[in-house]
Amino acid sequence: MVTDSKHRGSHATLWAYVQNWSARGITLVVFFTLARLLTPTEFGAFAVAMVFLTLGELFVEQLFAPAIVQRRELDADHLDAAFWFTIGCAALLTLTTLLAGPFFARIFDAPTVAPLIMSLSPVFVLMALSAVPAALLRRHVAYRALAQRTTACNLLSGAVAIAAAVGGLGVWAFVLQQLTFQLVGTVILWRNETWRPRLHFKRSALRDIAGFSTNMMIVKLLDVAETRFVELLVGRQLGLAALGSYALASRAHQAATQLVAAPLWDSANGVFARLQGQPAALQDALRRRLLVAATIISPIFLFAAAAGELLIPAVFGSKWTPAVAPFQVLCFLGAVRAVMYLYSAMLQALGAASSTLRVAMVRTAVTLLSIPILFRFGSVGVAACLLAGQLVVLPLVFHVIRTKLEVSPLQVINHIAKPMMAALAAAALGWGVAHSVNGALPAALGASLSLFTCALAFVLLLSLLMPRTLLGVVASLPLKVGRLLSDPLDRLVRVQDRVKVAAIMLQMRMAVSRSRRSRLSEPAVVVSGDAYSVTGSVGDQALFGGLVSMLKRSGATRARVLCRPGAGMPTPDGLGVTAMPLWGSMGQAGQLARQLQDANAFILIGADVLDGFYSRFESLLRLKIAEFCAERGVPTLLISFSFNGQPDRVVARAMADLPASVVVLCRDKLSHERLVKIMGDRVTLTADVAFNLQPSEHGKLAANVRAWLDGGHHGNGPVIAWNLSPHALQDLSADQRSQAMVASGEVISRLITQRDASVVLLPHDFRSIASDYTMLNQVLDQVPAAVRHRVLLAEGPYTAADVKECCQNFDLVLTGRMHLMIAALGRDVPVLAVEYQAKFIGMLTHFDMSSDHILEGRDIYEPDRLQARICSTLDRLAQTRQKIASHRPKVEHMASDAILRSLPKAA
């Protein structure tokens, strides 16, 4: 289920943050403590030694980790090869470190450098022992286990480091912390991991994972060249004191990166890898993480840069003032990378490591080539080299995004433009505050004032630019807090929606003459329930198919469909359908107006999108366009829609203000009663237009189900079509949805053994955003293997007409989809409907059917209740089928009569 995929992705991201904060939190405390105790020269000496730790992380800890995480197929040979090769690299690096210590001490004329470097050599073996097991945990998105491990070992290593620092050991506290951390972490990992290496090494397995790892290793090596090589250059040319200031700025920037950005990137690798082969879900996961990066992570970097001239002295002491400028430049770099590195994670997940490599090579080349130009500005110039390298490759990154991910750069910019603009403006204001109070207030107070100004300005700007996004965030806060913040945001969203719709309508009215047309001859214009995909769901197909039959009966031969650009068009027999890709575009409002006034009818399929429940803007736009058409004499119909019991107030007012010439055809009794209170008696009660859909004659779905039943999977009991919908279960908690999957599997098993039933799991929506197929797969997993041969999961995609034909094979349909229920009722098949928004009960009143056919809440996730409701319905199948058959002709007449009377007849 997609909602569960999102939940797992969010869960992984949360634990990735817990892991990083637990891993870096105490390290950060030690870092702050030592920065206050050490001089810049001492700090520079340790920065030289840290170059070797970076090499260890690169050539040992992360050597095969990307390949282990990303590969689809991974076996024991791959893991053995990775483990033993990593051990060999660790041994080689240990020897190199022991030999290199004295050499680096001579280069930097600092004798203390040698023992620091040499004392870190045991770390590499410990890294090698942990590398493969830790990568396996990341592969399985087990960040909770990683977080628990790193929290435990950090408590011990941090305590050792702080004790050493307070005891006067100075820079050696860093060394003791690293040794303790790696030792404790390795012991805990091996005590809790079940995987063990074998005394086995297969070269072919090494080659399998080496290709991907080699590319990623080169990318990381280029990163080392950009960062650690540059640091060594600073120390060699400018001295250890300058290196110390630059290293502190760099470490502070890296600490912020590890705490706020790296967990998002790290979890994205695993989540993106799991979604390979699901393009829509992959895009959705990327968009959600981009929004997090642009609204939270990048602003943090920008605000830190704004307050930097006070923040660095406040945290580390006034002696580190030379670190301010490079820190500010590096924070700008962090703000850019917060977004760009998500695309690197996506490319890794897609196996496009070569593209990442090319980007890294160009970036590193630009960085290194700019050093002779910018080095004259000291450490701030060095930081500027890194920023220049990242900025120069942005066009190349956008090119890779367009070719590999099929996402245009404009889409990327549009997605992050508003929060980034708000963050930049807020940071500029915060910088002004910091600059003006510098020297007038204590550094800590001034930095706090600057950061508070940034945060307040950003929230205010974001509220103006993206109120709907913030509204979604505050909805997850505790009830009282969420309500306090949501009310003003909701009012702001309401104003924004109305302004945007008003702007579109103003442009439409300015583009056409106000005179009414006297002769209308062009095809009808249809707006489907989903203007973004038109026939994206099987339910949308049923609605459109039912309308097509009405248009053909009225004599129409052509129709236009108002939609978003890129929406797929249906190809019905006997009716030419063309796209009008102008939906919701302010820039094309004039063109839309001119085309609408040429139509001989405007037909709006309301479905669930006329009461503002899903989107106030979408509902308002539909109603205002209908008003525009009616004012110009175009016959205008609102058909086949439900209306919520608590509609949006602005939308309800727009509904009431529709011109009297607009034909309003409501599809169920409850919605009709609600609308009469708003609009009066002008509302006509009809039935859903999908009742007019003609079933397929030779659909593959019906043939496959029939063949399966005839092949020995049908006993003497009933055949039940079983459908669960993410939409229908959206009011349940995540735990209750999981319980519903288990309950379905258990009840299906009982029905097979106790009632000799056969069950067809029948998806009615295959879109990644609301996939029945994913949910029903989970149901199938819960069915015991002993009876699973009596359960068929229908493979799609198939059409609404196919579904309606197939329903003749069923004795009962359990569904969370309105139009699967309509397809069943159209074949005289009894139903049990999973209710939401009181939509199903209103439709069932057409057949004089009561709430006995409605499932709610506990009926879904408690197996005994679910079984009792199904068995009660099975016991009354004959009577229910007879009742449906007696009412169906009247319902089908209601679904067509009012529409046919309102449509203009073709000449």
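Residues numbered from 1 in each chain as written. Predicted model: local features only at pLDDT ≥ 70, side-chain atom pairs only at ≥ 80, totals over all residues. Heavy atoms only, no water.

### Focus: the overall build of the chain
Heads up, the condition is: By definition, any uninterrupted DSSP run of H or I lasting at least four residues is a helix, any uninterrupted run of E lasting at least two residues is a strand, and each is numbered from the N terminus. Type-normalised accessible area, obtained with a 1.4 Å probe on protein chains alone, sets the label of each residue: buried when under 20%, exposed when over 50%, and partly exposed for intermediate values. By the convention used here, residues are in contact when the closest approach between their heavy atoms is within 4.5 Å. For accessible areas, the Shrake-Rupley method is used with a probe of radius 1.4 Å. Any residue's cover is judged against the shown protein chains and nothing else.
Within the chain, the secondary structure is distributed over 34 helices and 13 strands. Counting every position in the chain, which comprises 907 residues, the buried fraction comes to 57%. In the chain, the proportion of contacts linking residues at least 24 apart, taken out of those at least 6 apart, comes to 77%. Here the chain displays about 36700 Å² of accessible surface, and carbon together with sulfur accounts for 60% of that area.

### Overview of the pairing of strand 1 (residues 524-527)
The side chains of a regular strand alternate between the sheet's two faces. What counts, and what does not: For two strands to be treated as a pair, DSSP must find no fewer than two bridges joining them.
Along strand 1, one buried face is formed by Ala524 and Val526 and the opposite face, lined by Val525 and Val527, is buried too. Examined bridge by bridge, strand 1 and strand 2 (residues 558-562) share 4 bridges and lie parallel to one another. The residue of strand 2 that forms the bridge with Val527 is Leu562. Examined bridge by bridge, strand 1 and strand 4 (residues 602-607) share 3 bridges and lie parallel to one another. In the strand pairing of strand 4, Val526 is matched with Ile603.

### Observations concerning the sheet that holds strand 8 (residues 719-722)
By definition, the strands of a sheet pair up through backbone hydrogen bonds, in either a parallel or an antiparallel sense. Pairing in this open sheet of 6 strands is parallel, and the strands run 10-9-8-11-12-13 from one edge to the other. Whereas interior strands pair on both sides, the edge strands pair on one side only; in this sheet they are strand 10 (791-793) and strand 13 (854-855). Looking at chain direction, strand 8 and strand 9 (residues 758-761) are connected through 4 bridges and run parallel. Following the sheet pairing, Ala721 is matched in strand 9 by Val760.

### Describing the side chain of Asn809
Relative to the helices and strands, Asn809 is located in the loop between helix 29 (800-806) and strand 11 (812-815). Residue classification places Asn809 among the buried residues on the basis of a relative accessible area of 11%. Filtering out sequence-adjacent residues up to four positions away, Asn809 remains in contact with Ala702, Val705, Arg706, Leu709 and Val719.

### Notes on the nonpolar core
Note the cut-off: Residues enter a nonpolar core if they are buried and are Ala, Val, Leu, Ile, Met, Phe, Trp, Tyr or Cys, with the set joined through side-chain atoms within 4.5 Å.
Counting residues in each nonpolar core, the largest one holds 81 residues, and the members touching the most others are Trp722, Leu761, Phe810 and Ile870. Excluding residues that lie within four positions of it along the chain, Phe810 makes contacts with Val705, Val719, Ala721, Val760, Leu762, Val829 and Arg881. Counting 65 residues, the second largest nonpolar core, distinct from the first, contains Trp320, Val324, Val329 and Val382.

### Examining the pairing of strand 6 (residues 663-666)
To keep it simple, the criterion reads: Whether a crossover is right-handed comes down to one check: with the strands pointing away from the viewer, does the path from the first strand over the helix to the second run clockwise; if it does, it is right-handed.
Bridge count for strand 5 (residues 636-641) against strand 6 is 3 bridges, and the pairing is parallel. When the sheet's bridge partners are listed, Phe641 is paired in strand 6 with Cys666. On the question of chirality, the crossover connecting strand 5 to the parallel strand 6 by way of helix 24 (residues 649-656) is right-handed. Here strand 6 runs beside strand 7 (residues 683-685); their pairing, made up of 3 bridges, is parallel. Residue pairing for strand 7: Leu665 is matched across the bridge by Thr684. The parallel pair strand 6 and strand 7, bridged by helix 25 (residues 669-679), forms a crossover whose chirality is right-handed.

### A closer look at the pattern of salt bridges
Let me state the cut-off plainly: Basic side-chain nitrogens of Lys or Arg form a salt bridge, by our definition, when they fall within 4 Å of a carboxyl oxygen of Asp or Glu.
Evaluation of the coordinates by the stated rule reveals 25 salt bridges. The partner of Asp859 in a salt bridge is Arg869, and the shortest N-O contact between them spans 3.1 Å. A residue pair is termed long-range when its members are at least 10 positions apart, and Asp859 in helix 32 (residues 858-861) and Arg869 in helix 33 (residues 863-874) qualify at 10 residues. Two residues, Asp897 and Arg901, come together in a salt bridge whose shortest N-O distance is 2.9 Å. Of the two residues, Asp897 and Arg901 both sit in helix 34 (residues 877-902), 4 residues apart, roughly one turn of that helix. Note on Arg901: relative accessible area 61%, which makes it exposed. In the salt-bridge network here, residues are joined through shared partners; they are Arg509, Lys624, Glu627, Glu631 and Arg632.

### Things to note about helix 25
Just so we agree on the cut-off: Here the arc refers to the set of directions running from the helix axis out to each C-beta atom. Definition of a polar contact: a pair of N or O atoms within 3.5 Å, with one able to donate and the other able to accept a hydrogen when the atoms are protein atoms, and with sequence-neighbouring residues admitted only if both atoms are side-chain atoms.
All of the buried residues along helix 25 are Ser671, His672, Leu675 and Met679. Along the long axis of helix 25, the arc covered by the buried residues comes to 100°, so they all point the same way. Where helix 25 is buried, its residues touch strand 5, helix 24, strand 6 and strand 7. Where helix 25 begins, one side-chain oxygen reaches toward the backbone nitrogen of Leu670, 3.2 Å away; that side chain belongs to Asp668.

### Considerations on the packing of aromatic side chains
Keep this limit in mind: Pairing of aromatic side chains requires ring centres within 6.5 Å, counting the rings of Phe and Tyr and the six-membered ring of Trp. Pairs whose planes differ by under 30 degrees are stacked, by over 60 edge-to-face, and all others tilted. Counted as over-ring charges are cases with an Arg CZ or a Lys NZ within 6 Å of the ring centre that also lie within 35 degrees of the ring normal.
Per the counting criterion, the structure on display carries 4 aromatic pairs. Judged by centre distance (4.9 Å) and plane angle (85°), the rings of Phe83 and Trp84 are edge-to-face. Assessed through its relative accessible area of 4%, Phe83 is described here as buried. Taking relative accessible area as the criterion, Trp84 reaches 31% and is therefore assigned partly exposed. Between Phe691 and Phe847, the aromatic rings sit 5.9 Å apart at their centres with planes inclined by 45°, giving tilted as the arrangement. Pair noted here: Phe691 is in the loop between strand 7 and helix 26 (700-713) and Phe847 is in the loop between helix 31 (840-844) and strand 13, with a separation of 156 residues, a long-range link. Comparing Phe691 with Phe847, the two get one shared label, buried. One Lys or Arg, Lys500, reaches over the ring of Phe617 and ends 4.5 Å from the middle of that ring.

### Some remarks on the environment of Val664
If you trace the backbone, Val664 turns up in strand 6. Taking the C-alpha atoms as reference, Val664 lies 9.9 Å from Gly606; in sequence the two are 58 residues apart. Non-local contacts of Val664, meaning those with residues more than four positions away in its chain, are made with Leu638, Phe641, Met679, Arg682, Val683 and Thr684.

### Some points on the sheet that holds strand 1
Put simply, the rule is: Throughout, an axis means a line fitted to C-alpha atoms (over the contacting stretch in the case of helices), and angles, computed between N-to-C directions, take values from 0 to 180 degrees.
In space, the 7 strands of this open sheet follow the order 3-2-1-4-5-6-7, with parallel pairing throughout. Of all the strands in the sheet, just strand 3 (576-580) and strand 7 have a single pairing partner and so form its edges. Between one strand axis and the next, the sheet turns by 25° as a mean value, whatever way the strands run.

### Description of unusual backbone geometry
The phi dihedral of Ala607 is positive, around 50°, even though this residue is not glycine. As for its position among the elements, Ala607 is in strand 4.

### Description of the packing of helix 23 (residues 616-631) against helix 24
The geometry of a pair of packed helices is captured by two quantities: the angle between their axes and the separation between those axes. To keep it simple, the criterion reads: Here the angle decides the label: under 35 degrees means roughly parallel, over 145 means roughly antiparallel, 65 to 115 means roughly perpendicular, and every other value means oblique. Each residue is assigned to one class: nonpolar for Ala, Val, Leu, Ile, Met, Phe, Trp, Tyr, Cys and Pro, charged for Asp, Glu, Lys and Arg, and polar for all the others, Gly among them.
For the pair helix 23 and helix 24, interaxial distance at closest approach is 10 Å and the crossing angle is 10°. In terms of orientation, helix 23 and helix 24 fall into the roughly parallel class. Residues Arg616, Ser619, Leu620 and Leu623 of helix 23 form the contact with helix 24, whose participating residues are Val650, Val651, Ala654 and Met655. Its residues placed into classes, the contact of helix 23 with helix 24 shows 6 nonpolar, 1 polar and 1 charged.

### Focus on helix 26
We apply this condition: An expected span of 1.5 Å times one less than the residue number is assigned to each helix.
For helix 26, with 14 residues, the first-to-last C-alpha span of 18 Å sits near the 20 Å given by 1.5 Å per residue. Those residues of helix 26 that fall on the buried side of the exposure criterion are Leu701, Ala702, Val705, Trp708 and Leu709. All buried residues of helix 26 lie within an arc of 130° about the axis, which places them on one face of the element. Every exposed residue of helix 26 that faces more than 90 degrees away from the buried side is listed here: Lys700, Asp710, Gly711 and Gly712. Contacts from the buried residues of helix 26 go to strand 8, strand 9, strand 10 and helix 29.

### What about a nonpolar patch on the surface?
Selection rule: Without a salt bridge and with relative accessible area above 30%, a residue can belong to a patch; like charges are then joined within 9 Å and nonpolar side chains (Val, Leu, Ile, Met, Phe, Trp, Tyr) within 5 Å.
On the surface, Trp84, Phe85, Leu199 and Phe201 cluster together to form a nonpolar patch covering roughly 430 Å² of accessible area. Within the fold, Phe85 resides in helix 4 (residues 76-107).

### Some thoughts on the environment of Val113
Its location among the elements puts Val113 in helix 5 (residues 113-119). In contact with Val113, other than residues within four places in its own chain, are Ala45, Val48, Phe104 and Ala105.

### Details of the state of the cysteines
Put simply, the test is: When two cysteine sulfur atoms are found within 2.5 Å, that pair is recorded as a disulfide.
Applying the stated criterion across every chain yields a total of 0 disulfides. Counting only cysteine sulfurs, Cys807 is the nearest neighbor of Cys806, a cysteine outside any disulfide, at a range of 6.5 Å. The exposure class of Cys806 is buried, given its relative accessible area of 0%.

### Considering the side chain of Ser749
Tracing the chain through its elements places Ser749 in helix 27 (residues 734-755). When neighbours within four sequence positions are excluded, Ser749 is seen to be in contact with Pro784 and Val787.

### Concerning the confidence of the model for the chain
For clarity, the cut-off: Here pLDDT means the predictor's own confidence in every residue, given as a number from 0 to 100.
With 85% of its residues at a pLDDT of 70 or more, the chain shows a mean pLDDT of 82. The least confident element of the chain, judged by mean pLDDT, is helix 1 (residues 2-37) at 56; the most confident is strand 8 at 96. Under a pLDDT of 50 for its full length, residues 1-11 has, in the predicted model, 18 contacts with residues more than four places off or in other chains.

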